[in-house]
Amino acid sequence: MFEITSKEKIATKEYEFWVKAPQVASHAKPGQFVIVRTSQNGERIPLTIADANVETGEIRLIFQAVGKTTYEFATMKVGDSLQDVAGPLGHPSEIKKYGTVLMVGGGVGIAAILPILKALKGVGNRVITILGGRSADLVILKDECERNSDELIVTTDDGSMGMKGVVTDGMKALVKRGEKIDQAWSIGPTIMMKFSAYTAKDLGIPIFVSLNPIMVDGTGMCGACRVTVGKNIRFACVDGPEFDGYEVNWDEVMNRLRQYKDQEKISLENYIAKVGDLSWL
Amino acid sequence: MAVIKIPNNKTPIKEQDPKVRAHNFKEVVLGYSLEEAVAEANRCLQCVNQPCVAGCPVNIDIPGFILALKNRDLPKSAEILKSYNNLPAVCGRVCPQESQCEGRCTVGKMKAHEPVAIGKLERFVADWEASSGDVKIPEIPTQKRGKVAVIGAGPAGLTVAADLAKMGYEVKIFEALHAAGGVLMYGIPEFRLPKSIVEREINFIRSLGVEIDTDSIVGRSITISEIKKFDAIFIGTGAGTPSFMNIPGTNLNGVYSASEFLTRINLMHAYEFPYQSDTPVRLGKHVVVVGAGNVAMDASRSALRLGAENVKIVYRRSEAEMPARIEEYHHAIEEGIEFHWLTNPIAYIGDDKGNLTAVKCIKMELGEPDASGRRRPVPIQNSEFTIEADMVVEAIGQTSNKVLLSAFPELKLTSHGYIEADPQTGQTSVEGVYAGGDIVTGAATVILAMGAGKKSAVAIDEYVRSKKISK
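Now for a look at the structure at hand. (Residues numbered from 1 in each chain as written. Chains lettered and ligands numbered in written order. Predicted model: local features only at pLDDT ≥ 70, side-chain atom pairs only at ≥ 80, totals over all residues. Heavy atoms only, no water.)

## Focus on the overall build of chain A
Logical step 1: Broken down by element type, chain A carries nine helices and 16 strands.
Logical step 2: Against the globule reference of 19 Å for 281 residues, chain A gives a C-alpha radius of gyration of 18 Å, in line with a compact fold.
Logical step 3: On the principal axes, the C-alpha backbone points of chain A span a range of 55 × 40 × 40 Å.
Logical step 4: Across the 281 residues of chain A, 58% fall into the buried class.
Logical step 5: Put simply, 67% of the contacts in chain A that link residues at least 6 apart link residues at least 24 apart.
Logical step 6: Of the roughly 11100 Å² of accessible surface on chain A, a fraction of 50% belongs to carbon and sulfur atoms.
Logical step 7: Positive and negative side-chain charges of chain A, numbering 33 and 35 respectively, have mean locations separated by a distance of 2 Å. (Helix = DSSP H or I, 4+ residues; strand = E, 2+ residues; numbered from the N terminus. Rg over C-alpha atoms; globule rule 2.2 N^0.38 Å. Buried < 20%, exposed > 50% of the residue type's maximum accessible area, 1.4 Å probe, protein only. Contact = heavy atoms within 4.5 Å. Areas by Shrake-Rupley, 256 points an atom, 1.4 Å probe, with all protein chains shown as cover. Lys, Arg positive; Asp, Glu negative; His and termini not counted. Charge placed at Lys NZ, Arg CZ, Asp CG, Glu CD.)

Quick look at the structure:
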């Protein structure tokens, strides 16, 4: 069993957990994910590994409560155990010296961009980070990103922190001021990744995106997470999760994410009916 | 000399009514009573040349267990069975007996006679032992001979592990999923192979001292160099990655690989969503299943049980080339699955939200024989037509999963991407590393994987002993 050793609420419906998973902790690299089941009848969901501590055998998981499984996870306490944690899965990010890298993170995707930017900084890249959120309270992990970046730009939809606007406005502003970017990453809501990929293409910046489609096994066995990249069908779990942002068929990714919308709603409603009000999460 | 009089037909076995079972996931075949089983056992001639044994990939002493059953000595019958086969309740249910033991049965060669129902008897004896509450655990040598790592807890891995444990090895199985059983858990549906039976047989293997580490992905959560610390390694990871038709519309919502569709239902229990399971599955009303193997039968019958109004199997060849077991085909027909032979999908059509609405097909005809010796299906010009469908399941086969293989580059692969292994021993190109089952042969049967596991257990024992002597 995979014991929860610490828990913190970091924004509305967003939580940070450290979980005992020594096998995962000792092998995890930036960009990889785990498959988690909260309970015996639970579904298998992918979550990015935000950090790993080899000494304590713990991994850090940061997620937003959006459906039954993540709601249930968010209600778990220190000392409780997850049913399953399998990983690390997927290809690690390609960490090397690019020169100047631009790291774009949005929403809970900031948790996924963090380990990659730390590693890129660690090998001597100049790191410029753009964090985006609807409002200031949803810009998570700001200080930690700032400590590991040469420059940090925050954009909020409502202007409550940093620049008023979206991450692509930040990207354009950087290029406008003459910044030469050698490689970018964008991780966040699919719509944000789509538009940051389009913007990067316009600006001539190569960009990786980390897709988060629906998965079942996470090991290449089922094809639930398939996506068209260029002309080919690729599995996000084993061929990704990172792909060249220019090549991803974004509309397909978004359609496929909506596949079980009705069932997901039923599942969450049933869960709330069973456990009571969860609006406090 | 007395003339032997044997009933022409197998003793009939009780099954759930097709109209009822088409709407539930409970087991279709209900099994024999003791009297029925003994009556069937009496049809066995106990012939001297025992062709059935040679037809069995694990060479079970079939006349032996049937004789004990005939004499109503069920503990003895179970003991004989278990000494050859670690998963008898599974094999009795899913083996293609018609092309193995029963296909060679002497009674079946007699004019107008059906062979002895060996599979049904195997199942009866295994179920009897489990329900007796007195499952015998063979004595395990306390002096350990060595440590063996097994990758994958499917039929091949479970067999090699059980046999090595009985010989006195410490065996650890690394299983990537959260449950052991491999295809027995995620692939074969409850109505053909109840999961409680799989769990029961796996628990027996655990009782032999075999340790099973779930959520362990070799190549990811454990490296190859860590696993090389064992005295020997057996790889039984299965074929493991679905093939797609790769026609336009493959990624529309509602198009599944059979692997995903069946994993959602079997491993994740999506048919019990939302109360007993959190994993959903699409509930198609008009379903098209592509392919005509056992997996296609399982997928089509599962779709029906989820509430489909109609389920059509489309297959590019004809009925004669259908690879499915005849029993499964008959069950599918009884339940109302429609078969469209010589039909191949060429495109999936969707609406503006990316949901599947129809399958565009083309009629085929059989041409010259191809490499497989079967007549090659060729499209008939201008014969396109459309089938309305909100769900498609492609059951057209698999290729090898690369998660382990890419982490183990020293392993020599075949031109098809499977592991190259000696058919007699499972020995791979790397010393001390053995492989068997679908990762060697490509998608095949449960029992062939088990047969490979048995051979490798013997070879691994020889290897480890010779290595320890030379030290």
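## Things to note about the overall build of chain B
Logical step 1: Broken down by element type, chain B carries 19 helices and 18 strands.
Logical step 2: Here chain B has a C-alpha radius of gyration of 23 Å; the compact-globule value for 471 residues is 23 Å, and the two agree.
Logical step 3: The principal-axis extent of the C-alpha atoms belonging to chain B is close to 70 × 65 × 50 Å.
Logical step 4: In chain B, buried positions account for 59% of the 471 residues.

## A look at empty space enclosed by the protein
If you roll a probe as big as a water molecule over the atoms, it shows you where there is empty space left.
Residue and element names in this part refer to chain B.
Logical step 1: Taken as a whole and judged by the stated rule, the model has four cavities of 30 Å³ or more.
Logical step 2: Empty space within the largest cavity amounts to approximately 140 Å³.
Logical step 3: Around the largest cavity, the lining comprises 15 residues; the ones closest to its centre are Val29, Arg93, Arg192, Glu327 and Glu328.
Logical step 4: When residues in the lining of the largest cavity are grouped by element, the largest group, three residues, is from helix 16 (residues 326-335).
Logical step 5: A per-class count over the lining of the largest cavity returns three nonpolar, three polar and nine charged. (1 Å grid on protein atoms, 1.4 Å probe; cavity = no way out; pocket = protein on both sides within 12 Å on 5 of 7 lines; lining within 4 Å. Points joined across faces, edges and corners; volume = space filled by probe spheres on them. Nonpolar A, V, L, I, M, F, W, Y, C, P; charged D, E, K, R; others polar.)

## A word on the interface of chain A and chain B
Logical step 1: Listed by partner, the interface residues are 44 residues for chain A and 43 residues for chain B.
Logical step 2: Around 3500 Å² of area is buried between chain A and chain B when both sides are counted, 50% of it from carbon and sulfur atoms.
Logical step 3: Of all residues in chain A, Met221, Arg226 and Tyr260 of chain A give up the largest surface area on contact with chain B, accounting jointly for 18% of the area buried on that side.
Logical step 4: Put simply, chain A and chain B have one salt bridge between them.
Logical step 5: With a closest N to O distance of 2.8 Å, Lys68 of chain A and Asp278 of chain B form a salt bridge.
Logical step 6: Where chain A packs against chain B, one counts 20 residue pairs in polar contact (both at pLDDT 80 or more).
Logical step 7: Going through the elements one at a time, helix 1 (22-27), helix 2 (68-75), strand 7 (84-89), strand 14 (226-229), strand 15 (232-235), helix 8 (250-257) and helix 9 (261-275) of chain A are the ones with two or more residues in the side of chain A that touches chain B.
Logical step 8: Ranked by the residues each element gives to the side of chain A that touches chain B, the list is headed by strand 7 of chain A, at six residues. (Buried area = accessible area lost by both parts, 1.4 Å probe. Salt bridge = Lys/Arg side-chain N within 4 Å of Asp/Glu carboxyl O. Polar contact = N/O pair within 3.5 Å; in protein donor to acceptor, adjacent residues only side chain to side chain.)

## Some details on the sheet that holds strand 16 (residues 242-244) of chain A
Residue and element names in this part refer to chain A.
Logical step 1: Pairing in this open sheet of seven strands is mixed, and the strands run 11-10-9-8-12-13-16 from one edge to the other. What marks the edges here is a single partner per strand, and that holds for strand 11 (163-164) and strand 16.
Logical step 2: Where strand 13 (residues 207-210) and strand 16 come together, three bridges link them in antiparallel fashion. Along strand 16, the bridge assignment pairs Val209 with Phe243.
Logical step 3: Lying over the sheet, helix 3 (residues 110-122) contacts strand 8 (100-106), strand 9 (126-133), strand 12 (183-187) and strand 16, oriented at roughly 165 degrees with respect to strand 8.
Logical step 4: Contacts from helix 5 (residues 167-176) reach strand 8, strand 9, strand 10 (151-156), strand 11 and strand 13 within the one sheet, and its direction differs from that of strand 9 by about 150 degrees. (Pairing = 2+ DSSP bridges. Axes fitted to C-alpha atoms, helices over the stretch in contact; angles between N-to-C directions.)

## Concerning the nonpolar core
Logical step 1: In terms of nonpolar packing, the biggest core is built from 83 residues, with Ile62, Phe65, Ile66, Leu121, Leu164 and Ile460 of chain B touching the most fellow members.
Logical step 2: The biggest single contributor to this core is helix 19 (residues 446-470) of chain B, with nine residues.
Logical step 3: Beyond its immediate chain neighbours, meaning those up to four positions away, Leu121 of chain B contacts Tyr32, Ala37, Glu40, Ala41, Phe65, Ile66, Leu69 and Val116 of chain B.
Logical step 4: Judged by nonpolar contacts, the second largest core, of 38 residues, contains Val167, Leu174, Met193 and Val209 of chain A. (Core = buried A, V, L, I, M, F, W, Y, C linked by side-chain atoms within 4.5 Å.)

## Structural notes on the sheet that holds strand 8 (residues 255-257) of chain B
Residue and element names in this part refer to chain B.
Logical step 1: With parallel pairing, five strands are arranged side by side in an open sheet as 8-16-9-10-11. Every interior strand has two partners, whereas the edge strands, strand 8 and strand 11 (338-340), have only one. The mean angle between the axes of side-by-side strands here comes to 20 degrees, regardless of whether they run parallel or antiparallel.
Logical step 2: In this structure, strand 8 lies alongside strand 16 (residues 391-394), joined through three bridges in parallel fashion.

## What to know about the pairing of strand 4 (residues 169-174) of chain B
Residues and elements named next belong to chain B.
Logical step 1: When strand 3 (residues 146-151) meets strand 4, the two strands line up parallel, connected through six bridges. Looking at strand 4, one finds that Ile151 is bridged to Phe174.
Logical step 2: As a crossover connection, the stretch from strand 3 through helix 10 (residues 155-167) into strand 4 is right-handed.
Logical step 3: Taken together, the three bridges between strand 4 and strand 5 (residues 211-213) define a ladder with parallel strand orientation. Within strand 5, the residue paired with Phe174 across the bridge is Asp213. (Right-handed = clockwise from strand over helix to strand, strands pointing away.)

## Some details on the packing of aromatic side chains
Logical step 1: Taken as a whole and judged by the stated rule, the model has 17 aromatic pairs over all chains.
Logical step 2: Ring centres of Phe25 of chain B and Tyr271 of chain B lie 4.2 Å apart, and the angle between their planes is 20 degrees; on these two criteria the pair is classed as stacked. Of this pair, Phe25 of chain B sits in the loop between helix 1 (18-21) and strand 2 (29-31) while Tyr271 of chain B sits in the loop between helix 14 (258-266) and strand 9 (286-290), and the two are 246 residues apart along the sequence.
Logical step 3: Judged by its relative accessible area of 9%, Phe25 of chain B falls in the buried class.
Logical step 4: Overall, Tyr271 of chain B belongs to the partly exposed group, its relative accessible area being 23%.
Logical step 5: Through successive ring pairs, a cluster of aromatic residues spans Tyr15, Phe17, Phe63 and Phe73 of chain A.
Logical step 6: Directly above the ring of Phe204 of chain B sits Lys82 of chain B, whose terminal nitrogen or CZ lies 3.9 Å from the centroid.
Logical step 7: Seen from the ring of Phe191 of chain B, Arg305 of chain B lies directly overhead, with NZ or CZ sitting 3.9 Å from the centre. (Phe/Tyr/Trp six-rings, centres within 6.5 Å; stacked < 30°, edge-to-face > 60°. Lys NZ or Arg CZ within 6 Å of the ring centre and 35° of its normal.)

## With respect to helix 4 (residues 62-70) of chain B
Residues and elements named next belong to chain B.
Logical step 1: Of all nine residues that make up helix 4, seven are buried, and the element is covered over most of its length.
Logical step 2: Listed as buried for helix 4 are Ile62, Pro63, Gly64, Phe65, Ile66, Ala68 and Leu69.
Logical step 3: Where the residues of helix 4 are buried, they touch helix 2 (34-41), helix 3 (51-54), helix 5 (74-84), helix 7 (101-104) and helix 9 (118-132).
Logical step 4: Capping of helix 4 at its N-terminal end is provided by Asp61; its side-chain oxygen lies 2.9 Å from the backbone amide nitrogen of Gly64.
Logical step 5: Remark: Arg72 follows helix 4 within two positions and exhibits a positive phi of approximately 60 degrees.

## Quick look at the side chain of Thr11 of chain B
Residues and elements named next belong to chain B.
Logical step 1: Relative to the helices and strands, Thr11 is located in the segment before strand 1 (14-15).
Logical step 2: At 2.7 Å, the side chain of Thr11 forms a polar contact with the side chain of Glu40.
Logical step 3: Apart from residues no more than four positions distant in its own chain, Thr11 is found in contact with Tyr32, Glu36, Ala39, Glu40 and Arg43.

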